[in-house]
Amino acid sequence: DTAVSQTPKYLVTQMGNDKSIKCEQNLGHDTMYWYKQDSKKFLKIMFSYNNKELIINETVPNRFSPKSPDKAHLNLHINSLELGDSAVYFCASSQGLAGDTGELFFGEGSRLTVL
Amino acid sequence: TQLLEQSPQFLSIQEGENLTVYCNSSSVFSSLQWYRQEPGEGPVLLVTVVTGGEVKKLKRLTFQFGDARKDSSLHITAAQPGDTGLYLCAGASPGNTGKLIFGQGTTLQVKP
């Protein structure tokens, strides 16, 4: 069983389109995250939800909207896609907050290519 | 803004060699984690260090947290081709909010 699964794994789309990436974790964790990894492999946090409540909202364009229907799911919707949105988006989860004793469990990533 | 600088960014060595990867910052972190990422996969946690001066060993990997909790190092002894991957350090700010600051990563290639 995959602990953190995200779909789709690959997404190729045109500029201006709207797309969603879904994430589910079966670890029973209470905190979920979206990270963006750029072409230089730099990993940056975008959002975090703890028990369905938004706790981290980094400086991300408001075209990006996360939604957590329950503790096990965190989806990411992106409106009006731009070329610069091309990246690998990782979903992650942790029991409690990441850092100290909190380990991040990552999904396999969703590679988004905007043409 | 807290930053973590990793060096070197790229490292290509022969099997059996030793290497050290550094992770430095001007900021204090309450803890520091090291992750390893393989192509097409998400990062996987290797270790968490919490106490200044702490040293942890994981088989041939030795991790150290600086006394001032601003830097860390990863030393690999007798590297194997299976060690090939992207190594990422990540720091948690004091008053941990769950936000991890990642370094830009070190890509390691170990040739047989």
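As the structure is a computational prediction, the values presented were derived from the model and not from experiment.

Undergrad: Describe in detail the overall build of chain B, supporting the description with residues and values.
TA: Check the secondary structure of chain B and you find 0 helices and 11 strands. In chain B, the order of α-helices and β-strands from amino to carboxyl end is β-β-β-β-β-β-β-β-β-β-β. Since a compact globule built from 112 residues should have a radius of gyration of about 13 Å, the 13 Å found for chain B is in line with a globular shape. If you line up chain B on its principal axes, its C-alpha atoms span 45 × 30 × 20 Å. Taken over 112 residues, chain B has a buried fraction of 47%. Residue pairs in contact within chain B that sit at least 24 positions apart in sequence constitute 55% of those at least 6 positions apart. For chain B, the computed accessible surface area is about 5,100 Å², with 51% contributed by carbon and sulfur atoms. With 9 positive and 9 negative side-chain charges, chain B shows a separation of 5 Å between the mean positions of the two kinds.

Undergrad: With reference to specific residues and values, describe the side chain of A:Asp85.
TA: Take A:Asp85: it is sitting in the loop between β8 (73-78) and β9 (87-94). The residues contacting A:Asp85, other than those within four sequence positions of it, are A:Lys36, A:Arg63, A:Phe64, A:Ile78, A:Ser80, A:Leu112 and A:Val114.

Undergrad: I'd love a proper account of the sheet that holds strand β6 (residues 55-58) of chain B, names of residues and values included.
TA: All names here are of chain B. The 5 strands are arranged β1-β3-β8-β7-β6 in an open sheet whose pairing can be described as antiparallel. Looking at the sheet topology across the chains shown, the edges are occupied by β1 (5-7) and β6. Averaged over all pairs of adjacent strands, the angle between strand axes in this sheet comes to 15°, irrespective of strand direction. The sheet contact formed by β6 and strand β7 (residues 61-65) spans 4 bridges and is antiparallel. For Leu 58, the partnering residue across the bridge sits in β7 and is Leu 61.

Undergrad: Summarise the pairing of strand β1 (residues 4-7) of chain A; cite the residues concerned and give the values.
TA: Residue and element names in this part refer to chain A. Burial along β1 is one-sided: the residues Val 4 and Gln 6 are buried and none of Ser 5 and Thr 7 is. Taken together, the 4 bridges between β1 and strand β3 (residues 19-25) define a ladder with antiparallel strand orientation. Within the sheet, the bridge partner assigned to Thr 7 lies in β3 and is Lys 22.

Undergrad: Break down the interface of chain B and chain A for me, with residues and values.
TA: The accessible area lost on association of the parts is a frequent measure of interface size. Residue-level contacts link 22 residues of chain B with 23 residues of chain A. Among the salt bridges present, the one from B:Lys99 reaches A:Glu58, with a minimum N-O distance of 3.0 Å. Our count for the chain B to chain A interface comes out at 4 residue pairs in polar contact (both at pLDDT 80 or more). When contributions to the side of chain B that touches chain A are tallied by element, the ones reaching two or more residues are β4 (31-37), β5 (44-49), β9 (85-92) and β10 (100-102) of chain B.

Scoring rules and cut-offs
- Residues numbered from 1 in each chain as written.
- Chains lettered and ligands numbered in written order.
- Predicted model: local features only at pLDDT ≥ 70, side-chain atom pairs only at ≥ 80, totals over all residues.
- Heavy atoms only, no water.
- Helix = DSSP H or I, 4+ residues; strand = E, 2+ residues; numbered from the N terminus.
- Rg over C-alpha atoms; globule rule 2.2 N^0.38 Å.
- Buried < 20%, exposed > 50% of the residue type's maximum accessible area, 1.4 Å probe, protein only.
- Contact = heavy atoms within 4.5 Å.
- Areas by Shrake-Rupley, 256 points an atom, 1.4 Å probe, with all protein chains shown as cover.
- Lys, Arg positive; Asp, Glu negative; His and termini not counted.
- Charge placed at Lys NZ, Arg CZ, Asp CG, Glu CD.
- Pairing = 2+ DSSP bridges.
- Axes fitted to C-alpha atoms, helices over the stretch in contact; angles between N-to-C directions.
- Salt bridge = Lys/Arg side-chain N within 4 Å of Asp/Glu carboxyl O.
- Polar contact = N/O pair within 3.5 Å; in protein donor to acceptor, adjacent residues only side chain to side chain.

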